[in-house]
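Each chain, letter by letter, is given below.
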Amino acid sequence: MKIIREHVTLSEDELFVVSIFEGDEIDLSYPFHQHEKAYELTITLGLTGTRMVGDHTSQFSGEDVVLIAPGTPHCWQDHGIQDKTNSKIVVIQFLDTIVSQQLLLSKAMINVKKALENAAYGLELKGSDKRKVLQWMAALEFENTFDTYIFILKVLKLFGKIELVKRLCSHGYVPATNKNGARRLETVLQYIQKNYSRKLLVAEVADQIHMSPSAFSHYFKKHTLKSFASYLMEMRLGKAAQLLQHSELPVGDVSVESGFQNVSHFNRSFSKYYNTTPLKFRKQLF
């Protein structure tokens, strides 16, 4: 999974850009990436999959509203499995200059300021505040730049509250900020992304960046706050959840397609992670 520093063209004359993807236009194979200067508000509707933000990996479904700061790597994946006919993704990218520093010091903008400061962790909006955003968006004409600007500020204000906001990245998360460190992490994540569905040993991945297995394990844990084994397990379980939800493959085949060596190990791992068995997970969805 390659971390790409996506170049977003914004300026003082164009402080935000809105991208809307529907149906066949949706492509969740976009790799793990980060933006150098742009914040990103992503609203996902009618989709399920795996969301990765920094060192955080979790499943998303239905309606998802997330705010991410520049420099925080992220991606949404559905492992190429589900039908996207009735789905939609709205991505709004904007600069921190969308609100002047002087204005951010005012009491009226205290929650907007908090949202921008905490966005480095990746923030997920929950509950009634998430529903407010979806209602506002349903009534919004994005071609009206003034209304869109007001919409962004209103959403940021909600993200500045703590009651219905979840921080995604761990407090100790350390992204690779220098070029050499980032390049090595790019190589590692890309290799894992291409090969996680088969047997994959730490020594094989460590060899991609010419490290010993022990040195690599320390390096990987430092930059992701997860062991290699845990990271690999989350990738496999994410694909398994998608296959259970969007295919009729037997559990044994789901296990193999997701990279598990035997069904017993898959069942134990899945039950521990999702607090239910694969069969019950599938039945709950239908």
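A. Structural view of the overall build of the protein. Helix and strand content of the protein: 11 helices and 9 strands. The C-alpha atoms of the protein give a radius of gyration of 20 Å, which matches the 19 Å a tight globule of 286 residues would have. Overall, the C-alpha framework of the protein stretches about 55 × 45 × 35 Å when taken along its three principal axes. Buried residues in the protein amount to 49% of all 286 residues. Considering only intrachain contacts with a sequence separation of at least 6, the fraction spanning at least 24 residues in the protein is 73%. A distance of 10 Å separates the average location of the 34 positive side-chain charges in the protein from that of its 30 negative side-chain charges.

B. A look at the pairing of strand 4 (residues 39-53). Most of strand 4 is tucked away, with 13 of its 15 residues classed as buried. In this structure, strand 4 lies alongside strand 7 (residues 88-94), joined through 7 bridges in antiparallel fashion. The residue of strand 7 that forms the bridge with Ile43 is Val90. By the bridge criterion, 13 bridges tie strand 4 to strand 5 (residues 56-68) in an arrangement that is antiparallel. The residue of strand 5 that forms the bridge with Ile43 is Val65. The turn linking strand 4 back onto strand 5 is made up of 2 residues, and Gly54 within it adopts a positive phi angle of 60°. Strand direction decides the pairing type here: strand 4 and strand 6 (residues 74-77), joined by 4 bridges, are antiparallel. Residue pairing for strand 6: Val53 is matched across the bridge by His74.

C. Structural context of the layout of surface pockets. When its volume is computed, the largest pocket comes out at roughly 420 Å³. For the largest pocket, the lining is made up of 18 residues, of which Phe21, Asp27, Tyr30, His33 and Val91 are closest to its centre. Those elements that provide at least two residues to the lining of the largest pocket are strand 2 (16-22), strand 4, strand 6 and strand 7. Split into classes, the residues belonging to the lining of the largest pocket amount to 9 nonpolar, 5 polar and 4 charged.

D. Quick look at a negative patch on the surface. Residues Glu22, Asp24, Glu25 and Asp83 make up a contiguous surface patch of negative charge. Relative to the helices and strands, Glu25 resides in the loop between strand 2 and strand 3 (33-35). On the basis of relative accessibility, which here comes to 52%, the residue Glu25 falls in the exposed class.

E. Structural context of unusual backbone geometry. The phi torsion at His210 lies on the positive side, around 55°, for a residue other than glycine. Counting through the fold element by element, His210 comes out in the loop between helix 6 (202-207) and helix 7 (213-224). By relative accessible area, which is 73% here, His210 ends up exposed. Non-glycine residue Asn275 carries a positive phi angle of around 60°. Classification of Asn275 as exposed rests on a relative accessible area of 71%.

F. How the structure looks around the side chain of Thr72. For Thr72, the position within the fold is in the loop between strand 5 and strand 6. Only 3.0 Å separates the side chain of Thr72 from the backbone oxygen of Ala120, close enough to count as a polar contact. In this view, Thr72 contacts His33, Gln34, Val53, Gly54, Ala119, Ala120 and Cys169; residues no more than four positions away in its chain are not counted.

G. Structural view of empty space enclosed by the protein. Taken as a whole and assessed by the stated rule, the structure comprises 2 cavities of 30 Å³ or more. In terms of lining, the second largest cavity is formed by Phe32, Met52, Gly54, Tyr173, Leu185, Leu189, His223, Thr224 and Tyr231. Those elements that provide at least two residues to the lining of the second largest cavity are helix 5 (179-195) and helix 7. Residue composition of the lining of the second largest cavity, grouped by class: 6 nonpolar, 3 polar and no charged.

H. Fine view of the packing of helix 3 (residues 127-138) against helix 4 (residues 145-159). One way to put it is that helix 3 packs onto helix 4 with a least axis distance of 10 Å and a crossing angle of 175°. Regarding the angle of helix 3 to helix 4, the classification is roughly antiparallel. Of the residues in helix 4, those touching helix 3 at Asp129, Lys132, Val133, Trp136 and Met137 are Phe151, Lys154, Val155 and Leu158. Classifying every residue of the contact of helix 3 with helix 4 gives 6 nonpolar, no polar and 3 charged.

I. View of the packing of helix 8 (residues 228-246) against helix 10 (residues 263-274). Where helix 8 contacts helix 10, the axes come no closer than 11 Å and their chain directions differ by 90°. In terms of orientation, helix 8 lies roughly perpendicular with respect to helix 10. Between helix 8 and helix 10, the contacting residues are Met233, Glu234, Leu237, Gly238, Ala240, Ala241 and Leu244 on the first element and His265, Phe266, Ser269, Phe270, Tyr273 and Tyr274 on the second. Looking at side-chain class alone, the contact of helix 8 with helix 10 contains 9 nonpolar, 3 polar and 1 charged residues.

Cut-off values and rules
Residues numbered from 1 in each chain as written. Predicted model: local features only at pLDDT ≥ 70, side-chain atom pairs only at ≥ 80, totals over all residues. Heavy atoms only, no water. Helix = DSSP H or I, 4+ residues; strand = E, 2+ residues; numbered from the N terminus. Rg over C-alpha atoms; globule rule 2.2 N^0.38 Å. Buried < 20%, exposed > 50% of the residue type's maximum accessible area, 1.4 Å probe, protein only. Contact = heavy atoms within 4.5 Å. Lys, Arg positive; Asp, Glu negative; His and termini not counted. Charge placed at Lys NZ, Arg CZ, Asp CG, Glu CD. Pairing = 2+ DSSP bridges. 1 Å grid on protein atoms, 1.4 Å probe; cavity = no way out; pocket = protein on both sides within 12 Å on 5 of 7 lines; lining within 4 Å. Points joined across faces, edges and corners; volume = space filled by probe spheres on them. Nonpolar A, V, L, I, M, F, W, Y, C, P; charged D, E, K, R; others polar. Patch = residues over 30% accessible without salt bridge, like charges linked within 9 Å, V, L, I, M, F, W, Y side chains within 5 Å. Areas by Shrake-Rupley, 256 points an atom, 1.4 Å probe, with all protein chains shown as cover. Salt bridge = Lys/Arg side-chain N within 4 Å of Asp/Glu carboxyl O. Polar contact = N/O pair within 3.5 Å; in protein donor to acceptor, adjacent residues only side chain to side chain. Axes fitted to C-alpha atoms, helices over the stretch in contact; angles between N-to-C directions. Parallel < 35°, antiparallel > 145°, perpendicular 65-115°, else oblique.

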